Amino acid sequence: MIYPQERGASAQRRLNQVAQQLWDFQLRSLGSFQILFSWGGVEVRSESIQEAIASASERMQGDRRRAAAKLLTMSVPVAAETQLRQAV
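What you see is a predicted model, and the numbers here were worked out from it, not measured in a lab.

Quick look at helix H1 (residues 8–28) now. The terminal C-alpha atoms of H1 lie 30 Å apart, and with 21 residues this matches the ideal 30 Å at 1.5 Å per residue to within 8%. Restricting attention to buried positions, one finds in H1 the residues Val18, Ala19, Leu22 and Gln26. Seen end-on, H1 carries its buried residues on one side only, within an arc spanning 100 degrees. Along H1, exposed side chains directed more than 90 degrees from the buried face belong to Ala9, Arg13, Gln21 and Arg28.

Put simply, the largest pocket is a space of about 870 Å³. Here the element with the most residues in the lining of the largest pocket is helix H2 (residues 49–87); it accounts for seven residues. When grouped by side-chain class, the residues that make up the lining of the largest pocket number 15 nonpolar, six polar and seven charged.

Here we take up the side chain of Glu6. On the secondary structure map, Glu6 appears in the segment before H1. Here the side chain of Glu6 touches Arg14 through a polar contact of 3.0 Å, side chain to side chain. Leave out the neighbours within four places in its chain, and Glu6 touches Ala11 and Arg14.

To continue, consider the environment of Ala52. Tracing the backbone through its elements, the reader meets Ala52 in helix H2. Measuring from C-alpha to C-alpha, the distance between Ala52 and Gly41 comes to 9.0 Å, with eleven residues separating the pair along the chain. Beyond its immediate sequence surroundings of up to four residues, Ala52 is in contact with Val42 and Val44.

Turning our attention to a nonpolar patch on the surface. On the surface, Leu15, Trp23, Leu27, Leu30 and Trp39 cluster together into a nonpolar patch covering about 510 Å² of accessible area. Looking at the element boundaries, Leu15 is found in helix H1. In this structure Leu15 comes out as partly exposed when scored by relative accessible area, which is 31%.

The next point concerns the pattern of salt bridges. Within the structure shown, the criterion is met by two salt bridges. One salt bridge in this structure joins Arg14 and Glu6, with 3.0 Å as the shortest N-O distance. What makes Arg14 partly exposed here is its relative accessible area of 28%. Its salt-bridge partner being Arg45, residue Glu43 comes within 3.4 Å of it at the nearest N-O pair. On the basis of relative accessibility, which here comes to 40%, the residue Glu43 falls in the partly exposed class. Looking at Arg45, the relative accessible area reads 61%, which means it is exposed.

The rules behind each value
Residues numbered from 1 in each chain as written. Predicted model: local features only at pLDDT ≥ 70, side-chain atom pairs only at ≥ 80, totals over all residues. Heavy atoms only, no water. Helix = DSSP H or I, 4+ residues; strand = E, 2+ residues; numbered from the N terminus. Expected span 1.5 Å × (residues − 1). Buried < 20%, exposed > 50% of the residue type's maximum accessible area, 1.4 Å probe, protein only. Arc of directions from axis to C-beta. 1 Å grid on protein atoms, 1.4 Å probe; cavity = no way out; pocket = protein on both sides within 12 Å on 5 of 7 lines; lining within 4 Å. Points joined across faces, edges and corners; volume = space filled by probe spheres on them. Nonpolar A, V, L, I, M, F, W, Y, C, P; charged D, E, K, R; others polar. Polar contact = N/O pair within 3.5 Å; in protein donor to acceptor, adjacent residues only side chain to side chain. Contact = heavy atoms within 4.5 Å. Patch = residues over 30% accessible without salt bridge, like charges linked within 9 Å, V, L, I, M, F, W, Y side chains within 5 Å. Areas by Shrake-Rupley, 256 points an atom, 1.4 Å probe, with all protein chains shown as cover. Salt bridge = Lys/Arg side-chain N within 4 Å of Asp/Glu carboxyl O.

Okay, here's the thing in structure tokens:
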């Protein structure tokens with residue numbers, strides 16, 4: 001989605017609205033079918049649409065990698081705790 005007239009706080013509010021709608025849809029769909037949205041937003045001034053899309057895509061991929069690393073980090077202590085319970 002491209003909003004050429006949105007800048008700064010206005011653009012952030014628009015992005016938050018879209019994100020909230022995607023979250024709501026995702027949550028309503030739980031149990032029916034699996035949907036996972038990924039998005040990346042970036043504000044640009046003089047870049048071409050192609051450059052803007054590439055920047056947003058890079059941000060989205062980076063966010064995805066950070067989220068996966070966080071999930072992995074969070075799951076390690078749980079696995080270790082389970083092993084301790086089994087050992088006792």
